Amino acid sequence: MPGFGCPRPEGFGATKDDYADWLVGELDGIEGPDRPGRPRLGRGLTYRVATAHGDRVRSWAADVANLLHPDYVWHDFARIWQTPGAGEDFFRDQLAQPPGDQTALFEAFGVPSADAVALAGWADETMVSCILDLYRSATPNCYATWGQVVAPTAAPGLVLLPSDDPFGDAAQSAEVAQMLGARHEVLDGAGHWWALQDPSQAAALLNEFHASVG
């Protein structure tokens, strides 16, 4: 994504709509019928493309579906980032921490040690500015501005629910899946970083889903 491990383009606002438009443009640039449906708020872009630009994908899969629930309340970290001043202070302190302390935070959320070391070195001022603008564009929640197109999607969808994700909500996830006409599957024993914690379980579900929709 623009600004995440790469430069932030000149004039790029980094709002949720800016990122959704960027993703649509990326999909439009992929030739052939097999354009992918994939990119905490990054998942929201998948749901936005699937609901508002469903002709761009043949199928889609994402987790943290509670992001799109009308009653969703942002988690504590997001509320800090959405607060002018507090968000800047939060990331200033984070960037000032030694790598070992940053690694420990990722490990506390279940990220394997080797992956936590790699992740701890990625954040920079450009990424921070994009995170703040992105989250501040999504208040009070994503449904407030994107909810008008929340309906069964044209392309088949799969909603994943990591059972141990502290940022998830089982009831809201299932409700959103139903709203989108999507399949709903639980990743047992997996947390927010399930792609690093238990990739084989997720890969099996994703492969079975894609095989079922052709």
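In case you missed it, the structure is sitting above this.
Remember, it's a predicted structure, so these values are computed and weren't measured experimentally.

Thresholds, definitions, all that
One numbering rule holds for all chains: residues counted from 1, following each sequence as written. The predicted origin of the model limits local features to residues at a pLDDT of at least 70 and limits the giving and counting of side-chain atom pairs to 80 or more, whereas totals for whole chains, interfaces and linings rest on all residues. Note that water and hydrogens are dropped before the side-chain values are worked out from all heavy atoms of the structure. Between any two strands, pairing holds if DSSP finds at least two bridges. Helix numbering and strand numbering both begin at the N terminus, where a helix is a DSSP run of H or I of at least 4 residues and a strand a DSSP run of E of at least 2. For helices, the axis comes from a line fit to the C-alpha atoms of the stretch in contact; other axes are also lines fit to C-alpha atoms, and the angle between any two N-to-C directions lies between 0 and 180 degrees. Contacts between residues were defined by any pair of non-hydrogen atoms, one from each residue, lying within 4.5 Å. It is the rotation of the near helix from the far one that decides the hand of a crossing: anticlockwise by less than a right angle makes it left-handed, clockwise makes it right-handed. Gly is put with the polar residues, along with every residue not named as nonpolar or charged; the nonpolar set is Ala, Val, Leu, Ile, Met, Phe, Trp, Tyr, Cys and Pro, and the charged set is Asp, Glu, Lys and Arg. Type-normalised accessible area, obtained with a 1.4 Å probe on protein chains alone, sets the label of each residue: buried when under 20%, exposed when over 50%, and partly exposed for intermediate values. For crossovers, right-handed means that the path from the first strand over the helix to the second runs clockwise, given strands pointing away from the viewer. Each salt bridge in this description consists of a side-chain nitrogen of Lys or Arg and a carboxyl oxygen of Asp or Glu lying within 4 Å of one another. Two N or O atoms count as a polar contact when they lie within 3.5 Å, although within protein this holds only if one can serve as hydrogen donor and the other as acceptor, and sequence-adjacent residues are included solely when both atoms are side-chain atoms. Note on terminology: angles under 35 degrees are roughly parallel, angles over 145 are roughly antiparallel, angles of 65 to 115 are roughly perpendicular, and the others are oblique. Expected helix span is given by 1.5 Å per residue-to-residue step, counting one fewer step than there are residues. This arc is taken over the directions from the axis of the helix to the C-beta atoms.

Enquirer: For this particular structure, what's the right way to read the sheet that holds strand β2 (residues 157–162)?
Expert: The strand order across the open sheet formed by three strands is β1-β2-β3, and the pairing between neighbours is parallel. Unpaired on one side and paired on the other, β1 (60–63) and β3 (183–187) mark the two borders of the sheet. Each neighbouring strand pair of the sheet contributes to a mean axis angle of 25°, computed without reference to strand direction. As paired strands, β2 and β3 are joined by five bridges and run parallel to one another. In the sheet register, P162 faces β3, and the bridge partner there is L187. Seen against the sheet, helix α11 (residues 199–213) touches β1, β2 and β3 and runs at an angle of roughly 165° to β3.

Enquirer: For this particular structure, what's the right way to read the packing of helix α1 (residues 16–28) against helix α2 (residues 42–52)?
Expert: Two numbers describe a pair of packed helices, the interaxial angle and the distance between the axes. Running from N to C, α1 and α2 point in directions that differ by 65°, and their axes come no closer than 10 Å. Crossing handedness for the pair α1 and α2: right-handed. Each of K16, D17, Y19, A20, L23, V24 and L27 in α1 lies in contact with α2, whose residues at this interface are L45, R48 and V49. Its residues assigned to classes, the contact of α1 with α2 comprises seven nonpolar, no polar and three charged.

Enquirer: What is the right way to look at the pairing of β2 in this model?
Expert: Working note: regular strand, side chains alternate between the two faces of the sheet. Of all six residues in β2, six are buried, a share of seventy percent or more. Neither face of β2 is open: one carries G157, V159 and L161, the other L158, L160 and P162, and all of them are buried. Where β1 meets β2, four bridges bridge the pair, whose relative direction is parallel. Directly across from D63, in β2, lies its bridge partner L160. Of the crossover connections in this fold, the one passing from β2 over helix α9 (residues 170–180) to the parallel β3 is right-handed.

Enquirer: I'm lost on the pattern of salt bridges in this one. Help?
Expert: When the charged atoms of two side chains lie near each other, side chains of opposite charge can form a pair. In this structure the tally under the stated criterion is eleven salt bridges. The partner of D76 in a salt bridge is R79, with the nearest N and O atoms 2.4 Å apart. In this pair, D76 and R79 both sit in helix α3 (residues 76–81), three residues apart, roughly one turn of the helix. With relative accessibility at 54%, the residue D76 sits in the exposed group. One continuous salt-bridge network, built from bridges that share partners, spans D28, D55 and R56.

Enquirer: Help me understand the environment of D18, please; the structure alone is not making it clear to me.
Expert: Take D18: it is sitting in helix α1. In this structure, the C-alpha to C-alpha distance between D18 and P2, residues 16 residues apart in sequence, is 9.9 Å. Non-local contacts of D18, meaning those with residues more than four positions away in its chain, are made with F12 and G13. Within polar-contact distance, the side chain of D18 engages the side chain of T15 at 3.0 Å.

Enquirer: Just checking my understanding: could you explain the packing of helix α4 (residues 86–96) against helix α7 (residues 125–136) for this structure?
Expert: Viewed as axis vectors pointing N to C, α4 and α7 meet at an angle of 150°, and their least axial separation amounts to 11 Å. With respect to their mutual orientation, α4 and α7 come out roughly antiparallel. Read as a crossing pair, α4 and α7 show a hand that is right-handed. Seen from α4, the contacting residues are G87, E88, F91 and L95; seen from α7, they are E125, V128, I131, L132 and R136. Looking at the contact of α4 with α7 residue by residue, the class counts come to five nonpolar, one polar and three charged.

Enquirer: How do you make sense of α1 when you look at a structure like this?
Expert: Two residues of an α-helix separated by three or four positions point the same way, owing to the 3.6 residues in each turn. Here α1 is 13 residues long and its end C-alpha atoms lie 18 Å apart, about the 18 Å a rise of 1.5 Å per residue gives. All of the buried residues along α1 are K16, Y19, A20, L23, V24 and L27. Burial along α1 is one-sided: seen end-on, the buried residues are contained in an arc of 140°. Along its buried surface, α1 packs onto α2, α7 and α8 (143–146).

In short, the description is geometric, and any link to function would need to be established separately.
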